[in-house]
Amino acid sequence: LQGIFVLGLPYALLHSGYSGLLLIILAAALCCYTGKILIACLYEESEDGQLIRVRDTYEDIANACCKKLSPNLGGLVVNVTQVVELIMTCILYLVVSGNLLSHSFPYVPVTEKTWSVIAFVTLLPCIFIRTLKIVSKLSQLCSMVHFVVILLVITYCLTQTHQWSWAKFRLSLEFEDFLVSIGVIIFSYTSQIFLPTLEGNMKNPGEFRCMLNWTHFSACVLKTTFALTAFLTWGEKTKEVITDNLPSFLETLVNLCLLAKALLSYPLPFFAATEIVYSCISKGNHSNYRPPLLTLTVRGSFLLLTLMMAMFIPHFALLMGLSGSVTGAAMTFLLPSFFHLKLKWKKLSFLEKCADISVFILGFLCSLAGIVCSIKGLLEVFG
């Protein structure tokens, strides 16, 4: 999920300057930390001091925290937030697909919105995906395409080192643009909604913390390198989707690769969102039978929703910033720190409590400010 949104990081640096580099590193550290405390909420100590996994999902953690108010209130909030984040991700894939097709074939008299519709038509078979087995194969292809794209862009940027200048980095910042950049950077790291399932399916769950450290470190290095080399190459001319800056001979190739990646990435968040909605609809029904008409209706509705949203908000960076500020901050910072404090308060040290409270406050402030600025930016664009 994180791969294609790396394209917005150079644009984020344009509006955040040197602080953007620190934000990419800080976001990696904070996301790694909240991933660990989220997984810690799945476990409780037995009488002999052994950790036992007593919860399986993000929803279970939320319900455990809110059981005094309502048995299912926490799970409902988490499910709604997860669905919003996943659907926003799907919308972004459609938006960027239209953008990529438009710039790949500039001489074809077709608007960017029409290209998004064409991309949408190729995604209609998603309605018939029934298992994660197919989705996992598509995700493997995505990973291969992703590394090819990153390698091509970085290689080109390295050939332009003669025009690099650190003077391109801003020292003075526009506060509102900076806050939108925070949302973009946060969204590029969000993965918490998948961590409970990932940890539960690991052959050796004891290696989860080590795995999280290395993956976030690797992601931080890759994203910093990519964003820095791209911004140093184009400076003030950096565009929302960095591939728009590439020379024509390379742009078309990279754009087509990214288009394939976007279309191959779409089924994962789409499948996850529809499964959450269907599980909520059929809660209490222990039968594995799913009425075909209901399944097709849910999936078809979600497909059309993503298309309609892509038509009305065709602005990649602003939409990504809004998503990161709303759902990304909630799922990545606010809820993990709140749940950890709620479930583990008596067993946490003073420093751990301070860390969780600090993450919560930081997440709340970033989310609030990012929401206001992203919405203001969208309103100005429509105006």
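This section reports on the structure supplied with the text. Values in this document were obtained by computation on a predicted structure and should not be read as measured data.

We now examine the overall build of the chain. The secondary structure content of the chain amounts to 14 helices and 2 strands. Buried positions account for 52% of the 383 residues belonging to the chain. Within the chain, residue pairs in contact and separated by at least 24 positions form 80% of the contacts whose partners lie at least 6 positions apart. Surface summary for the chain: the accessible area is close to 18300 Å², and the carbon and sulfur share equals 69%.

Its volume calculated, the second largest pocket comes out at about 510 Å³. As for the second largest pocket, its lining consists of 19 residues, of which Lys36, Ile39, Ala40, Leu51 and Arg209 are closest to the centre. It is helix α2 (residues 18-40) that provides the largest number of residues to the lining of the second largest pocket, a total of 5 residues. For the lining of the second largest pocket, the residue count by class is 9 nonpolar, 2 polar and 8 charged.

To continue, consider the nonpolar core. Judged by nonpolar contacts, the single largest core of 99 residues is most densely connected at Leu94, Ile185, Tyr189, Phe226, Tyr266, Phe302 and Phe339. Excluding residues within four positions of it along the chain, leucine 94 makes contact with Ser116, Ala119, Phe120, Leu123, Tyr266, Thr306, Leu307 and Ala310.

On to the packing of aromatic side chains, then. As enumerated under the stated definition, the model contains 6 aromatic pairs in all. When the centroid spacing of 6.0 Å and the interplanar angle of 15 degrees are considered together, the rings of tyrosine 156 and tryptophan 234 count as stacked. On the criterion of sequence distance, the pair formed by tyrosine 156 in helix α6 (residues 132-158) and tryptophan 234 in helix α9 (residues 208-234) is long-range, its members being 78 residues apart. Considered together, tyrosine 156 and tryptophan 234 belong to a single accessibility category, that of buried residues. Relative to phenylalanine 270, the ring of tyrosine 266 lies with its centre 5.7 Å away and its plane at 25 degrees, an arrangement referred to as stacked. For the pair shown, tyrosine 266 and phenylalanine 270 are each scored as buried.

This part covers the pattern of salt bridges. Evaluated as defined, the whole model comprises 5 salt bridges. Measuring nitrogen to oxygen at the nearest pair gives 3.0 Å for the salt bridge that ties glutamate 44 to arginine 55. Linking glutamate 44 in strand β1 (residues 43-45) with arginine 55 in the loop between β2 (51-53) and α3 (58-65), this pair joins segments that are 11 residues apart in sequence. Under the relative-accessibility criterion, arginine 55 is labelled buried at 13%. Across the pair aspartate 56 and arginine 53 runs a salt bridge whose closest N-O atoms are separated by 3.1 Å. Judged by relative accessible area, which is 47%, aspartate 56 ranks as partly exposed. With relative accessibility at 25%, the residue arginine 53 sits in the partly exposed group. Each of Glu44, Arg55 and Lys344 takes part in a single network of salt bridges with overlapping partners.

With 27 residues, α9 should reach 39 Å at 1.5 Å per residue; the first-to-last C-alpha distance of 39 Å fits that figure. Two residues or fewer past α9, glycine 235 is found with a positive phi of approximately 55 degrees.

Bringing the environment of cysteine 210 into the picture now. When you line up the elements, cysteine 210 lands in helix α9. Once the C-alpha coordinates of cysteine 210 and lysine 36 are considered, the two residues, 174 residues apart in sequence, prove to be 10.0 Å apart.

Reading guide: rules and limits
Residues numbered from 1 in each chain as written. Predicted model: local features only at pLDDT ≥ 70, side-chain atom pairs only at ≥ 80, totals over all residues. Heavy atoms only, no water. Helix = DSSP H or I, 4+ residues; strand = E, 2+ residues; numbered from the N terminus. Buried < 20%, exposed > 50% of the residue type's maximum accessible area, 1.4 Å probe, protein only. Contact = heavy atoms within 4.5 Å. Areas by Shrake-Rupley, 256 points an atom, 1.4 Å probe, with all protein chains shown as cover. 1 Å grid on protein atoms, 1.4 Å probe; cavity = no way out; pocket = protein on both sides within 12 Å on 5 of 7 lines; lining within 4 Å. Points joined across faces, edges and corners; volume = space filled by probe spheres on them. Nonpolar A, V, L, I, M, F, W, Y, C, P; charged D, E, K, R; others polar. Core = buried A, V, L, I, M, F, W, Y, C linked by side-chain atoms within 4.5 Å. Phe/Tyr/Trp six-rings, centres within 6.5 Å; stacked < 30°, edge-to-face > 60°. Salt bridge = Lys/Arg side-chain N within 4 Å of Asp/Glu carboxyl O. Expected span 1.5 Å × (residues − 1).

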